[in-house]
Amino acid sequence: MPDRPSPGFRGRVGPPSRRARVLMLTVGVLAALFLLFVMFSGVWTDWLWFRSVHYASVFSSQLWTKVGLFAVFGLLMTVVVGANIWLAHRLRPPLSAMSVEQQSLDRYRMGIAPYKRWLLIGVSLVVGLISGAAASGQWRTWMLWTNQVSFGEKDSQFHLDVSFYAFSLPWYEFLLGFAFSAVIVSVLAAVLVHYLYGGLRLQGPGRRASAGAQGHLAVLLGVFVLLKAVAYWLDRYGLAVKSGSYKGVDSWTGLRYVDANAFLPAKTILFFVAIICAVLFFLTPVRRTWAPALIGFGLMALSAVLIGGVYPALVQQFQVKPNEQAKETPYIQKNIDATRQAYGIADSQSQAYTPKDSTTQDALKPDAQTIKDIRLLDPNVVSPAFQQIEQQRSYYAFPQTLNVDRYGTGMDAQDTVIGVRELDLKGVQQRNWINDHFKYTHGYGVVAAKGNQVNGQGQPVFTESGLPTTGALGDYQQRVYYGEKSPDYSIVGGTNQEIDYTSDAGGDKTYQYTGGSGVSLDNPLTRAAFAVKYAEPQILYSGAIASGSKIIFDRTPKERVEKVAPWLSIDADPYPVVENGRLVWVLDGYTTSDGFPFSSKTTLGDVTKDSLTGARGETLTAANKVNYIRNSVKATVDAYTGEVTLYQWDESDPVLKTWMKAFPGTVEPKSAIPATLMPHLRYPQDLFKVQRDLLAQYHMTDANAFFNGTDIWQVPADPTTSTNEVQPPYYLTVRMPDAPTASFSLTTSFVPSKRDNLAAFMAVSADPGPDYGKIRILKVPGDTGTLGPNLAQAKFNSDPEVARQLNILKNGGDSDVEYGNLLTLPVGGGLLNVEPVYVRGRTAKYPVLQKVLAVYGKDNVAFENTLEDALKKVFGAATAGTTPTAPTTPTTPGTTPTPPTTGTPAGPALQKALQDAQKAFTDGQTALKNGDWAAYGVAQKALQDALNAAAAAQAPGASPSASPSPSPSP
């Protein structure tokens, strides 16, 4: 039985006591202050970050633009809605009819009577705040409109500058949408107030609407219909940028025959019909009848169905379909021309190329540089080798996919695989807040290897290695405070002694950051803001933070560039460059638009995805649909100081010029790019992938061929993986048949739609210079049966000798075979496919290169220990009497060069060269045994010089000689 209160018990009934009210008020105020400080901390720390990187103007421009839009449109919506609510209340009838409905509403009217003013203000403010927040998100649209620069090109339908569609039309559409929202909300609010105060009635005798309510709502509906007329007029121009599926293009953009000859006149007619209908609504208060307006509105709706829907369908069915090719061809041509222009592929050059199945010595000579620089080191496979050999300490790591760059000048330029040794906190043995944020703060140096060589054990031949690193890159600031794997924040300076690196001889080396970046933590308010930002109270009170301490944050190169240039789309793969004594990250920035008339749209996230997307990084702006793109900016981020620099790369891009007007002083001119950095800039992968996706269909420049769709290509699936994703493009040094010399290029293959034979090979010159960005396409006739990547891989796998040797490499299941990148190269009038084969033992931590697969033509297959041997086999007699120019897998130390094997007497020059080679080799082996690496390097240089002299001695025009068969140095 429940306890009853004692006779003296008195339960409290009524409002809370004064003490309780004070307590609740205090809690409420403290909660509000905390929420305000949380919001303030986000803005404050952002401001401090922008100020620390010297881009405060970007922050302030964004902030004040957002605040301005919020204030203007929020206030405008507040006034419009509030005025209509006030007007509806003022126009209420003095007496309401006696009915059950009105008696029920009387209770509500009496209940809100004391709060009418506050309700009016509250509802108006809430609607205004929502509208202001939505408007502030349009800051980019506003800035583009107010700072727009002419494209200097006009669309083919309305003959307006492209800037109208790219910059003006989106702003007009936003204004129209805002106006529609204001009118709709006002109508709903007015109807509610009129109903509440008897201006609108559902029951009872007499008129259902008072004169005041009728006039008010008629004017609002008239404004709505007038806005609909404006929408019809803007829709006319919207036809030039509207998208739909057509001829296999999912986002076909621009007018077609039915748009130009049915929808366009329909929109014009509907514009005038809507104007007339709006006038009828405006006359309703005068005529005191709804009939004309409602009849006009009904006719407008009927016209929209008949003129805007049925008529275009009839034109499509009875005019277009019977003779579609003739009707659509002019509009297809407009789409082709605009799309190729908007994506920068209008100047791509195509030529027919019939690959030969065999070659000759003379045909191979122009491609000597291409063969020499065939990349054996797959940057997507060798990262574990870098990790195991050059990690040095458990708290360092290399990226899963390494980068390819060039180092050296002129003929000495070398394709190089390079990776940054970054900090990896997962490898720290003792994880705690001090270690994570004060002690382990940075990575150390880059490791680089020759792209076209491995040593006798199948490992990379490093040109830069060690800790600290030494080698071909010279002296540079090796500490990496800003990188792709950097922690979210570190606290440096003050009295903090960071772990610089660990030496086997000297133990831990310490260091104090002097880079100058970061935000000072001397201010307690700043410390409190960062404590809230990172939900880490120790930032507020930790004794480890002393005078002069700074916090460095937002440290990945991509996020730093995205913050200082929020109008850019950033390539997914920043790459490191050592230049002028510093290590910098280079990033490609793209300006985009979805307002280029007649240019088909593409979804960046879809077309930039390939088999390496997960390892390389996220896709480019995953959801964005664009129909114009330019690589307009090259950006650098200093790995030590975090300094961000933006350079203008495309000096003709109107979108970039517009943003440079909006954010003056943030982008440096192209002429400011350091001369030491320029050779390392390259054509970006993501742009290339967008362009190759478009060229799969838009290589057809003839509208009739495009309509018939007889020559549609596709990017082949990567045959070296099981993901079924498309093959990535590859950076290679290659000579295209119409080019005088080889150049560093980005390459890809095409196959016909749903087939595996090769349709085309495409390369773009990636080296800064006169040919930079020049796209060359070799179109392969379909009847040649040329092997595409998947057929080449199948040819490898089905060869009996290859299968036998693969089984040997697998060692009964104790080893795994990993295929490197399958490279396709136009060489000697044919197409050469080369694929390095790596083997990883079950207990091994990284794969080593063991074999090289090669196929030339359709039947010449080789699976050899070295690239030299593979090329000799597939080229056959073309290599007889010549020294192969391709670097090969070096032999194991102790192997001597092979003497001439032909019976032709060697000339004096050749005999001397061979003697010099033998002496240099012997000297090298002696130095190797003695551990004298300096002498070993001198001997290897002498050996190479002797081999070059031997090759020159037996060249055409030299004295008769035999061809030496040298083995390169280890």
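This report concerns the structure included in the present document. Note that the coordinates shown come from a computational prediction; the quantities given were computed from them, not determined experimentally. (Residues numbered from 1 in each chain as written. Predicted model: local features only at pLDDT ≥ 70, side-chain atom pairs only at ≥ 80, totals over all residues. Heavy atoms only, no water.)

1. A word on the nonpolar core
In step 1: By size, the foremost hydrophobic cluster in this structure holds 156 residues, and its most contacted members are F530, I551, W567, L646 and W659.
In step 2: Top element by residues in this core is helix α6 (residues 162-196). It accounts for 18 residues.
In step 3: In contact with W567, not counting residues within four places along its chain, are Y590, T591, V633, L656, W659, F663 and V667. (Core = buried A, V, L, I, M, F, W, Y, C linked by side-chain atoms within 4.5 Å. Buried < 20%, exposed > 50% of the residue type's maximum accessible area, 1.4 Å probe, protein only. Helix = DSSP H or I, 4+ residues; strand = E, 2+ residues; numbered from the N terminus. Contact = heavy atoms within 4.5 Å.)

2. Side note on the sheet that holds strand β5 (residues 403-407)
Strands belonging to one sheet form pairs held by backbone hydrogen bonds; the direction of such a pair is parallel or antiparallel.
In step 1: Here we have five strands laid out as an open sheet, ordered β5-β6-β9-β10-β11, and antiparallel in their pairing. At either margin of the open sheet sits one strand with a lone partner, and together these are β5 and β11 (470-471).
In step 2: As paired elements, strand β9 (residues 446-454) and strand β10 (residues 460-465) share three bridges and run antiparallel to each other. When the sheet's bridge partners are listed, A449 is paired in β10 with F462.
In step 3: Seen against the sheet, helix α13 (residues 383-390) touches β6 (414-420), β9 and β10 and runs at an angle of roughly 55 degrees to β10. (Pairing = 2+ DSSP bridges. Axes fitted to C-alpha atoms, helices over the stretch in contact; angles between N-to-C directions.)

3. Re the pairing of strand β19 (residues 575-579)
In step 1: Of all five residues that make up β19, five are buried, and the element is covered over most of its length.
In step 2: Residues Y575, V577 and E579 point to one face of β19 and P576 and V578 to the other, with burial holding for every one of them.
In step 3: Pairing of β19 with strand β20 (residues 582-593) involves five bridges; the strand directions are antiparallel. The residue bridging V578 from the neighbouring strand is L583, located in β20.
In step 4: Where β19 folds back on β20, the antiparallel hairpin that results is connected by two residues, among which N580 adopts a positive phi of roughly 55 degrees.

4. A look at the packing of aromatic side chains
In step 1: Counted by the stated rule, this structure contains 51 aromatic pairs.
In step 2: Judged by centre distance (6.5 Å) and plane angle (80 degrees), the ring pair of W233 and Y237 falls under edge-to-face. Note that W233 and Y237 are positioned in helix α7 (residues 211-238) at a spacing of four residues, about one turn of the helix.
In step 3: For Y237, a relative accessible area of 15% corresponds to the buried category.
In step 4: Sitting above the plane of the Y232 ring, K228 keeps its charged end 5.0 Å from the centroid.
In step 5: Positioned above the aromatic ring of W649, the side-chain terminus of K670 is 4.3 Å from the ring centre. (Phe/Tyr/Trp six-rings, centres within 6.5 Å; stacked < 30°, edge-to-face > 60°. Lys NZ or Arg CZ within 6 Å of the ring centre and 35° of its normal.)

5. Some details on the side chain of S168
In step 1: Within the fold, S168 resides in helix α6.
In step 2: Among the residues examined, S168 registers a relative accessible area of 5% and is labelled buried.
In step 3: Reaching out from S168, the side chain makes a polar contact with the side chain of Q148 at a distance of 3.0 Å. (Polar contact = N/O pair within 3.5 Å; in protein donor to acceptor, adjacent residues only side chain to side chain.)

Keep in mind that these numbers describe shape and distance, not what the molecule does.
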